[in-house]
Amino acid sequence: MIILPAIDIKDGNCVRLQKGVYETAQKVAESPYLAAQSFADAGAQWMHMVDLDGAKDAKLINADLIADVAKSSGLRVEVGGGIRSMAAIDYYLSRGIDRVILGSAAVKDPQLVRDAVLAYGEKIAVGIDAKDGMVRAEGWLDNSEINYIELAKRMEDVGVRTIIFTDIDQDGMLSGPNLKQLDDLTHEVGCDIIASGGVAVLKDIINLSDLDIYGAICGKAIYSGTLDLKQAIEMTRKI
């Protein structure tokens, strides 16, 4: 299992939210560059980055900053937030980003997902964010009528190989990931599943590994100090 430390960008700052509520944004690092460097120093190979302003406004807003931070870090990077067109996908992938995450587009523009997978294959991931099992879009502000497993199956059918699943109620709360929903998801689709939201301590990493989860995104736990990134990475290499 891989650990993906996270950087969420809002107004150019590295922040964390609680349950996706923008008003709870709290700056957690002096700069995204320093945060990325600390991840690399801890032994991370991947980093997860999100343009929160882009997710809310449905367009690239912090893309230049994200691409520059990614390049300077030397890490493999996946990026989500505000990616609603092939032009946006092309922008990131042409600047060295390793994987682009389509979130709201999976709900509102499935043809874009098909076109993107056809063009870029495994460089395209889909982010599925759910509350009470139902998918949300547009920076988690929009409800949908689609169950998270149903959407995952649709995405697998069009060739998506990686799904990032977030239980919104767990995100930023340090209360542990939703193991039940993740377990159900891994049994329903053959995609690589990356768990996002709720990871607080090493035990959470162990629990996810026991479910044969491909990856775990860790944000607030790293910044708050409840999870030692270097220790978590070293442990996953032994499991």
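Residues numbered from 1 in each chain as written. Predicted model: local features only at pLDDT ≥ 70, side-chain atom pairs only at ≥ 80, totals over all residues. Heavy atoms only, no water.

This part covers the overall build of the protein chain. Scanning the protein chain from N- to C-terminus turns up 11 helices and 12 strands. Relative to a compact globule of 239 residues, whose C-alpha radius of gyration would be 18 Å, the protein chain shows 16 Å and is just as compact. Along the three orthogonal principal directions, the C-alpha set of the protein chain runs to about 40 × 35 × 35 Å. Surface exposure of the protein chain reaches about 10000 Å², of which carbon and sulfur atoms provide 45%. Side chains of the protein chain give 25 positive and 36 negative charges; the mean places of these two sets differ by 2 Å. (Helix = DSSP H or I, 4+ residues; strand = E, 2+ residues; numbered from the N terminus. Rg over C-alpha atoms; globule rule 2.2 N^0.38 Å. Areas by Shrake-Rupley, 256 points an atom, 1.4 Å probe, with all protein chains shown as cover. Lys, Arg positive; Asp, Glu negative; His and termini not counted. Charge placed at Lys NZ, Arg CZ, Asp CG, Glu CD.)

Per the counting criterion, the structure on display carries three aromatic pairs. Relative to Tyr 92, the ring of Tyr 91 has its centre 5.5 Å away and its plane inclined at 80 degrees; by these criteria the two rings are edge-to-face. The exposure class assigned to Tyr 92 is buried, which follows from its relative accessible area of 0%. Over the aromatic face of Trp 46 sits the side chain of Arg 99, whose NZ or CZ is 4.2 Å from the ring centroid. (Phe/Tyr/Trp six-rings, centres within 6.5 Å; stacked < 30°, edge-to-face > 60°. Buried < 20%, exposed > 50% of the residue type's maximum accessible area, 1.4 Å probe, protein only. Lys NZ or Arg CZ within 6 Å of the ring centre and 35° of its normal.)

Turning our eyes to something else, we now look at the pairing of strand E3 (residues 21-27). Where strand E2 (residues 13-18) lies against E3, three bridges are found, and the strand directions are antiparallel. Across the sheet, Arg 16 pairs through a bridge with Gln 26, a residue of E3. Between E2 and E3, which pair antiparallel and follow one another directly, the connecting turn spans two residues, one of which, Lys 19, has a positive phi of 55 degrees. (Pairing = 2+ DSSP bridges.)

This brings us to helix H1 (residues 32-41). Those residues of H1 not exposed but buried are Pro 32, Ala 35, Ala 36 and Phe 39. For H1, the buried positions fall inside an angular range of 95 degrees around the axis, keeping them on one side. For H1, the elements touching its buried residues are strand E1 (2-10), E2, strand E4 (46-51), helix H3 (63-73), helix H10 (220-224) and helix H11 (229-238). Two residues or fewer after H1 comes Gly 43, characterised by a positive phi angle close to 100 degrees. (Arc of directions from axis to C-beta. Contact = heavy atoms within 4.5 Å.)

Time to look at the pattern of salt bridges. One pass over the structure, following the stated rule, counts nine salt bridges. The closest approach of N and O atoms between Asp 11 and Lys 10, which form a salt bridge, is 3.1 Å. Owing to a relative accessible area of 56%, Asp 11 belongs among the exposed residues under this scheme. Here Arg 154 ties to Glu 150 by a salt bridge, and the two come within 3.2 Å at their closest N and O atoms. Taken together, the positions of Arg 154 and Glu 150, both in helix H7 (residues 148-157) and four residues apart, correspond to about one turn of that helix. Classification of Arg 154 by relative accessible area gives partly exposed; the value is 41%. (Salt bridge = Lys/Arg side-chain N within 4 Å of Asp/Glu carboxyl O.)

Relative to the assigned elements, Tyr 92 resides in helix H4 (residues 86-94). In this view, Tyr 92 contacts Leu 60, Ala 63, Ile 66, Val 79, Ile 83, Ile 97 and Val 100; residues no more than four positions away in its chain are not counted.

Each regular strand carries side chains that alternate between the two faces of the sheet. Alternating positions in strand E8 (residues 134-137) separate cleanly, Val 135 and Ala 137 being buried on one face and Met 134 and Arg 136 remaining unburied on the opposite face. A loop of two residues connects strand E7 (residues 124-131) with E8, the two strands running antiparallel in sequence, and Asp 132 in this loop sits at a positive phi of about 55 degrees.

So, about H7. Inspection of H7 places Tyr 148, Ile 149, Leu 151, Ala 152 and Met 155 among the buried residues, and these make up the whole buried set. End-on, the buried residues of H7 take up no more than an arc of 160 degrees, which puts them together on one face. Between the side-chain oxygen at the start of H7 and the backbone nitrogen of Ile 149 there is a gap of 2.9 Å, and the oxygen is on Asn 147. Following H7 by one or two positions, Gly 159 adopts a phi angle in the positive range, close to 105 degrees. (Polar contact = N/O pair within 3.5 Å; in protein donor to acceptor, adjacent residues only side chain to side chain.)

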